[in-house]
Amino acid sequence: MTEAAYSNSLPPSALIFDSGVGAISIAREIRRLLPGLTLHFGIDNGFYPYGIKSEDELRPRIVDQAYRMMSRCRADILVVGCNTASTLALPQLREVLTEPVVGVVPAIKPAAAATQTRTIALIATQGTVNRNYTRELIEQFANGNRVINVPAPELVHLAEAKLRGETVTAEALTPVLARIFHTAGGDKVDIAVLACTHFPLLREELDRFAPRRIQWLDSGEAIARRVRWWLEELNLKTGAQPEQSLLLTSAPDPGGRIAGAFSEFAPLLISSGSPA
Ligand code: DGL
């Protein structure tokens, strides 16, 4: 990985925006479906974590940072790889950007179609759980199934820790698992919606330490399909191999921790600090 100016001729690309490593769960799905698409990462680490911040402070911040990062990398599509941001700022982002904006929507609809017990757990940041957007989504698409809201801010930090190489223990997950399974109706949950892009990064541990087998559902694959649809719509053809990705962070990255977490997407150019 190198720190350098980004200039060369530009291949078709998407910028994935998030407060942290949640962008990785989305990027992996996009890579699986579109292996030749160049991906850039816009990480607002200077304002992490998003999930506990107020709507009034978050909305302008997200619009400002995503706009600056899009101008910097000149991507063809913005992917808001963050439920907390998508449930809050998609209309405003679409207003300021001329490029298509793809947002992550909690997978309530597919969960409602698949549940056998008519009981779904929705695991997300406090922000996402409390949003009007999410309430309306449940009203519209839960199809009368019971939805148990599970705010799980600690999973955001645990996903970041895992990507730094730390082990996620059963003890660390116990409080969240209790909020899913040992709550009114929790004994009937058969599907948990992972409505924060950090959470699919912990799917293996959640599955291993859960008291019984359930399905953990996220929106990554649907996002990847939407990106493919936009590429066709824009008539953009990707090559066989992605070209150099750009990792933009809004604040310095001490010890290269964020860069290390994204190393699977090498070759990466790194640009730290708020983009002008
Ligand atoms: N990855 C983000 C999401 O999907 C949230 C993480 C945070 O709280 O910063 O909601």
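What counts and how
Residues numbered from 1 in each chain as written. Predicted model: local features only at pLDDT ≥ 70, side-chain atom pairs only at ≥ 80, totals over all residues. Heavy atoms only, no water. Axes fitted to C-alpha atoms, helices over the stretch in contact; angles between N-to-C directions. Helix = DSSP H or I, 4+ residues; strand = E, 2+ residues; numbered from the N terminus. Left-handed = near helix turned anticlockwise from the far one by under 90°. Contact = heavy atoms within 4.5 Å. Nonpolar A, V, L, I, M, F, W, Y, C, P; charged D, E, K, R; others polar. Pairing = 2+ DSSP bridges. Buried < 20%, exposed > 50% of the residue type's maximum accessible area, 1.4 Å probe, protein only. Expected span 1.5 Å × (residues − 1). Parallel < 35°, antiparallel > 145°, perpendicular 65-115°, else oblique. UniProt positions renumbered as here; feature names shortened; annotations may be inferred. Near = heavy atom within 4 Å. Polar contact = N/O pair within 3.5 Å; in protein donor to acceptor, adjacent residues only side chain to side chain. Areas by Shrake-Rupley, 256 points an atom, 1.4 Å probe, with all protein chains shown as cover. Right-handed = clockwise from strand over helix to strand, strands pointing away.

> In this structure, what is going on with the packing of helix α7 (residues 153-163) against helix α8 (residues 170-181)? I would like to understand it.
Relative orientation of the contacting elements α7 and α8 amounts to 145°, with a least axis distance of 10 Å. When you trace α7 past α8, the crossing you get is left-handed. Between α7 and α8, the residues in contact are P153, E154, L155 and L158 and A172, L173, P175, V176 and R179, respectively. Across the contact of α7 with α8, the residue classes break down as 7 nonpolar, no polar and 2 charged.

> I keep staring at the sheet that holds strand β7 (residues 191-194) and nothing clicks. Help me out?
Within a sheet, neighbouring strands are paired by backbone hydrogen bonds and run either parallel or antiparallel to one another. Reading across the sheet, the 4 strands line up as β6-β5-β7-β8 and stay open at both edges, with parallel pairing between neighbours. Across the chains shown, the open sheet's two edge strands, defined by having one partner strand only, are β6 (146-151) and β8 (215-217). Each adjacent strand pair in this sheet contributes to an overall mean axis angle of 25°, direction not counted. Both strand β5 (residues 119-124) and β7 contribute to a ladder of 4 bridges, which runs parallel. Each residue of the ladder has a partner; that of I120, found in β7, is I191.

> Explanation requested: α7 in the structure shown.
One full turn of an α-helix is made of 3.6 residues, so residues set three or four places apart face in the same direction. Taken residue by residue, α7 has L155, V156, L158, A159, E160, A161 and L163 as its buried positions. Where α7 is buried, its residues touch α1 (22-33), β5, α8 and α11 (257-261). Trailing α7 by a residue or two, G165 shows a phi angle of about 100°, which is positive.

> Hey, could you run me through helix α2 (residues 55-73) in this one?
Between its first and last C-alpha, α2 extends 27 Å over 19 residues, near the 27 Å set by a 1.5 Å rise per residue. Looking at α2, one finds that the buried residues are L58, I62, V63, Q65, A66, M69, M70 and C73. Residues of α2 that are buried sit in contact with β1 (13-18), β2 (38-43), β3 (77-80), α3 (83-96) and β9 (245-249). Count one or two residues on from α2 and you reach R74, which has phi positive near 55°.

> For this particular structure, what's the right way to read the packing of α2 against α3?
In helix packing, the relevant descriptors are the interaxial angle and the interaxial distance, both defined with respect to the helix axes. One way to put it is that α2 packs onto α3 with a least axis distance of 9 Å and a crossing angle of 50°. Considering their axes alone, α2 and α3 lie oblique with respect to each other. You can see that α2 and α3 cross each other, and the crossing is right-handed. Contacts between α2 and α3 involve E55, L58, R59, I62, V63, A66 and Y67 from the first element and T84, A85, L88, A89, Q92, L93 and V96 from the second. Each residue belonging to the contact of α2 with α3 can be placed in one class, and the counts come to 10 nonpolar, 2 polar and 2 charged.

> Looking at this structure, I do not really get the UniProt feature "binding site: substrate" (unreviewed entry) in the protein chain. What am I missing?
As recorded in UniProt, the sites labelled "binding site: substrate" (unreviewed entry) are D18, S19, Y50, G51, N83, T84, T197 and H198. For this annotated set, covering 181 residues, all C-alpha atoms fall within 11.9 Å of each other, a compact arrangement in space. By secondary structure assignment, the location of G51 is in the loop between β2 and α2. Judged by its relative accessible area of 10%, G51 is buried.

> What is the right way to look at the site of the ligand in this model?
Around the ligand, 14 residues are found, and the nearest of them are S19, Y50, N83, T84 and H198. With respect to the ligand, the side chain of D18 contributes an N or O atom lying 3.0 Å from a nitrogen atom. Burial of the ligand by the protein chains amounts to 99% of its free accessible area of 300 Å². In terms of residue class, the shell around the ligand is made up of 6 nonpolar, 7 polar and 1 charged.

> I would appreciate a short explanation of the pairing of β3 in the present structure.
Consecutive side chains along a regular strand alternate between the two faces of the sheet. Side-chain alternation along β3 places I77 and V79 on one buried face and L78 and V80 on a second face that is also buried. One ladder, built from 4 bridges, connects β1 with β3; its direction is parallel. By the bridge assignment for β3, F17 is matched with V80. A crossover connection joins β3 to the parallel strand β4 (residues 101-103) through α3; in handedness this β-α-β unit is right-handed.

> Can you walk me through the UniProt feature "active site" (unreviewed entry) in the protein chain in this structure?
Cross-referencing UniProt, the feature "active site" (unreviewed entry) maps to C82 and C196 in the present numbering. The largest pairwise C-alpha distance within this set of annotated residues, which runs over 115 residues, is 6.4 Å, so the set is compact in three dimensions. Those residues in contact with C82 that sit more than four places away from it in its chain are F17, D18, Y50, V104 and T197. Excluding its chain neighbours within four sequence positions, the residues that come into contact with C196 are N83, I123, A124, T125 and V156.

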